[in-house]
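For reference, the chains in residue letters:
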Amino acid sequence: MAEIAAGQAVIELLRAEGVEYVFGVTGLTTNSMVTQMYGREDIQFVDTRHEEGAILMAYGYSKSTGKPSVCMTTSGPGTINLAGGMSLALKGRAPVIAIAGDTAMEYIGRDGSQAFDLVNVFKPLTKMAVQANTTERVPDLVREAFRTAMWGKQGPVLLDIPRDLLDTKTLSDEMLNPDQYRTVNPRTSGDQAAVDEAVKLLLSAERPLLLAGGGVVDSEASIEAVRLADLLDMAMVPSYGHHDAIPNSHPNYIGPPGGRGSGEAHETMDKADVILALGTKINQASSSWDYSVINQDTRIIQIDIDPIEIGRNYPVSVGIVGDAKRVAQQLIDAVCSISLEGKNNKMWKSEFQVISQKRIRRLESERSLSADPMMPQQVYPELTKALPKGAMVTIDAGVAPGLAYDRIFFDEPRTMFNYAGQGALGMGFSVGLGTKLGRPDRTAVSLHGDGGFLYTCGELNTAVRHNIPSVSIVLNNNCMGAEKSQQKALHNEKFVGVDLENPRFDKLAEVFGAKGYYVEHSSEIADVVNEAVKSNQPSVIEIPVQEYFPPSAPTPR
Ligand SMILES: Cc1ncc(C[n+]2csc(CCOP(=O)(O)OP(=O)(O)O)c2C)c(N)n1
Ligand SMILES: [Mg+2]
């Protein structure tokens, strides 16, 4: 490559990775890069109204596509504003690359204006946080950022570039393709002896259960997971937050575990004699990490790309390090080499199908609810009617949106997005926008409480300017319900900081130039959601709902 402006070289390095959007807010220190996107169609700067919105959108983009995403922020406060979203990207295993323009080298380490030790601020929140120290190193460090974000268990990276390394500088770089500097689509096979041992255990099982985790989504192993479950009559349960790992309409599907999941999933997990934990660390929310859900006698086969996760939370009978898709295929091959039909566990299948039907009946019984304002449960069957195939749903924290865990059915991977064990209220709106930018062919819906929606709803302005037609549903119970329920149960109803007075969210949307809808009757929900989707404009639907604090899903112990 001929000598070009160093800022332009950074943009070309991003283009080599196929980056189409850079999310961020401008600042003096990034202008040499940002202005290089002027007038370009192949790469656009999505300017948000706050850096947190930028990184949350990047997160949604990565999770909906499986591709790396990029945000670009300025020195000090601009980049520090990424911390919340960065911690979500770490917990949610999203390859988000944050390029931070820093102050010039001469202001670092002497309390210069906006100078902070960003590398150390972000070290615990990233897979790698590094500062460039010469202009010539920048291309290699950009490649290192993508390599790090994408290998193994994916995650975020911070690349700090002091502005004087780019401003007025030029670079020439031999532009490499990603497959020249990192493994693209890497598939690590599992140890064959361990695979054979796992198959022996699976074939001896009478009540096998597949626990499908985020690794199944990340490695696109859903088809193999279902094939295994079919071959061995395994009950299927997703790990909490990864309900889209396996099709929820499959006859072997039970329901999600977790406090906001289903007691029926817990009941089935408890009965299993062998659990095949595929692509999962067996997260805390799925099992509480005790024996209240998983039976102490149950034998566990665990498959994870990250060796540190094997046996970390439960003792395993067989542990296999590898890519979920590749190892699942190895298991299928090994089962079929013994018997092409696999092994039927008919009695178990009829037993777990009775349990899954119990869940369906429990959810159906909620259809007879009626109240004014409506109960939040009433929203879900109506919303489900309106969701087209492959719709992506982002669930914010909060008790009313949290009812979605047990009540929305996911049939395709990369359609469910949540706070991923990071737990931040308010992530939903911007993440939902990012999913829509990533997959414009799919409908994107985000579910919020009234508390969570105001966190980043300033990005309604970004949605309108950049024409991102996501549909946001605000379940308004006029309180921080999840916390009010705690103060009610554990603190003698001394309510502090939990009752809210809100603006009308539909009117707020209209002020921003988005569509606003207000729905008081459950029978209108499906039509309004359909209308919002058809409008192809950013839309906010406010639904007033009762305060309702459901008990946690029951556990066997
Ligand atoms: C960043 C952050 N701050 C605070 C909390 C604690 N928190 C969890 S849920 C919640 C209230 C949610 O209220 P709302 O969004 O209205 O949903 P609701 O529970 O009322 O349905 C709060 C304050 C959190 N999880 N994350
Ligand atoms: Mg609320």
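Predicted model, so just to flag it, every value in this text is computed and none were measured.

Novice: Honestly, the overall build of the protein in this entry has me stumped. Any pointers?
Specialist: For the protein, the helix and strand inventory stands at 24 helices and 19 strands. Its C-alpha atoms give the protein a radius of gyration of 24 Å, within 12% of the compact-globule value 24 Å for 557 residues. Over its C-alpha atoms, taken along the principal directions, the protein stretches across nearly 75 × 60 × 45 Å. In the protein, which comprises 557 residues, the proportion classed as buried is 54%. Within the protein, residue pairs in contact and separated by at least 24 positions form 78% of the contacts whose partners lie at least 6 positions apart.

Novice: Quick question: what am I supposed to make of the sheet that holds strand β2 (residues 21-24) here?
Specialist: Adjacent strands of a sheet pair through backbone hydrogen bonds, lying either parallel or antiparallel. The strand order β3-β2-β4-β5-β7-β6 describes an open sheet built from 6 strands, whose pairing is parallel. Among the strands making up the open sheet, the edge pair consists of β3 (44-47) and β6 (128-131). On average, adjacent strands in this sheet sit at an angle of 25 degrees to one another, irrespective of strand direction. As defined by bridge partners, β2 adjoins β3 across 4 bridges and the pair is classed as parallel. When the sheet's bridge partners are listed, valine 22 is paired in β3 with phenylalanine 45.

Novice: Honestly, the site of ligand 1 in this entry has me stumped. Any pointers?
Specialist: Taken together, 19 residues lie around ligand 1, and Gly398, Ala400, Gly449, Gly451 and Gly481 are the ones closest in. For the shell around ligand 1, the elements supplying multiple residues, two or more each, are α17 (399-402), α20 (450-456) and α22 (481-490). Looking at the shell around ligand 1 residue by residue, the classes come out as 9 nonpolar, 8 polar and 2 charged.

Novice: How should the sheet that holds strand β15 (residues 416-417) be read in this particular structure?
Specialist: Spatial strand order, β15-β14-β16-β17-β19-β18: 6 strands in an open sheet with parallel pairing. Pairing within the sheet leaves two strands with one partner each, and these edge strands are β15 and β18 (515-518). Pairing of β18 with strand β19 (residues 539-544) involves 4 bridges; the strand directions are parallel. Counted as the bridge partner of tyrosine 517 is isoleucine 541 from β19.

Novice: Where do I start with the domain arrangement of the protein in this structure?
Specialist: One frequently used descriptor of interface size is the decrease in accessible area upon assembly of the parts. The assigned domain composition of the protein is domain 1 (4-180), domain 2 (192-358) and domain 3 (369-544). Using C-alpha coordinates to define each centre, domain 1 is positioned 30 Å away from domain 3. Across the contact, 22 residues belong to domain 1 and 25 residues belong to domain 3. Of all the secondary-structure elements, those providing two or more residues to the side of domain 1 that touches domain 3 are α3 (51-65) and α5 (83-91). Here the side of domain 1 that touches domain 3 takes 11 residues from α3, the largest share from any one element. In terms of residue class, the side of domain 1 that touches domain 3 is made up of 8 nonpolar, 10 polar and 4 charged.

Novice: Whenever I open this one, the nonpolar core confuses me. Can you help?
Specialist: In summary, soluble globular proteins display a tendency toward joint burial of nonpolar side chains. Ranked by size, the top nonpolar core spans 108 residues in total, and within it Ile55 and Cys71 carry the most contacts. Summarising the domain contributions, this core has at least three residues from each of domain 1 (4-180) and domain 3 (369-544). One finds Val274, Val293, Ile303 and Trp348 within the second-largest nonpolar core, a separate group that totals 49 residues.

Novice: Help me out: how do you make sense of unusual backbone geometry in this one?
Specialist: Both trends apply: most residues other than glycine have a negative phi, and most peptide bonds are in trans. Cis geometry is adopted by the peptide bond preceding proline 373, which originates at aspartate 372 and carries an omega value of -5 degrees. One non-glycine residue, tryptophan 289, lies in the positive phi region at around 60 degrees. Structurally, tryptophan 289 can be placed in the loop between α13 (284-287) and β12 (299-304). Phi angles above zero are rare outside glycine, and asparagine 492 is one such case at about 50 degrees. Overall, the presence of 8 C-beta atoms within 10 Å leaves asparagine 492 in the exposed class.

Novice: Looking at this structure, I do not really get the packing of helix α16 (residues 379-386) against helix α24 (residues 525-535). What am I missing?
Specialist: The angle between the axes and the distance between the axes are what describe a pair of packed helices. Interhelical geometry of α16 versus α24 gives an angle of 40 degrees and a closest axis separation of 8 Å. On the basis of their axis angle, the class for α16 and α24 is oblique. As for the relative orientation of α16 and α24, their crossing is right-handed in sense. The residues of α24 that touch α16, namely those facing Val379, Glu382, Leu383, Lys385 and Ala386, are Ile525, Ala526, Val529 and Asn530. Tallied by class, residues from the contact of α16 with α24 come to 6 nonpolar, 1 polar and 2 charged.

Novice: What should I look at first to understand the environment of lysine 534 in this one?
Specialist: As for its placement among the helices and strands, lysine 534 is situated in helix α24. Remark: the alpha-carbon pair of lysine 534 and valine 471, spanning 63 residues in sequence, is separated by 10 Å.

Novice: Please explain the packing of α3 against α5 as it appears in this structure.
Specialist: For the pair α3 and α5, the least separation of the axes is 8 Å and the interaxial angle reads 20 degrees. On the basis of the axis angle, α3 is roughly parallel to α5. With respect to the hand of their crossing, α3 and α5 are arranged in left-handed fashion. From α3, Glu52, Ile55, Leu56 and Tyr59 reach across to α5, where they touch Gly84, Gly85, Met86, Leu88 and Ala89. Of the residues assigned to the contact of α3 with α5, the class counts are 6 nonpolar, 2 polar and 1 charged.

Novice: Teacher, can you tell me more about the pairing of β6 here?
Specialist: Successive side chains on a regular strand alternate, one facing one side of the sheet and the next facing the other. When β6 meets strand β7 (residues 157-162), the two strands line up parallel, connected through 4 bridges. Its bridge partner being in β7, alanine 129 is matched across the sheet by leucine 158. After leaving β6, the chain enters helix α7 (residues 138-150) and then returns to the sheet as β7, a path that is right-handed.

Novice: So what exactly am I meant to see when it comes to the pairing of β2 here?
Specialist: Going residue by residue along β2, you find Tyr21 and Phe23 tucked away on one face and Val22 and Gly24 tucked away on the opposite face as well. Pairing geometry for β2 and strand β4 (residues 69-73), over 3 bridges, is parallel. Note on β4: the bridge partner recorded for valine 22 is valine 70.

Novice: Whenever I open this one, the environment of aspartate 396 confuses me. Can you help?
Specialist: Mapping aspartate 396 onto the fold places it in the loop between β14 (392-395) and α17. Look at aspartate 396 and you get buried, because 30 C-beta atoms sit within 10 Å. Between the alpha carbons of aspartate 396 and phenylalanine 453 there is a distance of 8.4 Å; along the sequence they are 57 residues apart.

About the cut-offs
Residues numbered from 1 in each chain as written. Chains lettered and ligands numbered in written order. Predicted model: local features only at pLDDT ≥ 70, side-chain atom pairs only at ≥ 80, totals over all residues. Helix = DSSP H or I, 4+ residues; strand = E, 2+ residues; numbered from the N terminus. Rg over C-alpha atoms; globule rule 2.2 N^0.38 Å. Buried ≥ 20, exposed ≤ 12 C-beta atoms within 10 Å, placed from the backbone. Contact = placed C-beta atoms within 7 Å. Pairing = 2+ DSSP bridges. Axes fitted to C-alpha atoms, helices over the stretch in contact; angles between N-to-C directions. Near = placed C-beta within 6 Å. Nonpolar A, V, L, I, M, F, W, Y, C, P; charged D, E, K, R; others polar. Domains from an automatic or database assignment. Core = buried A, V, L, I, M, F, W, Y, C linked by C-beta atoms within 7 Å. Parallel < 35°, antiparallel > 145°, perpendicular 65-115°, else oblique. Left-handed = near helix turned anticlockwise from the far one by under 90°. Right-handed = clockwise from strand over helix to strand, strands pointing away.

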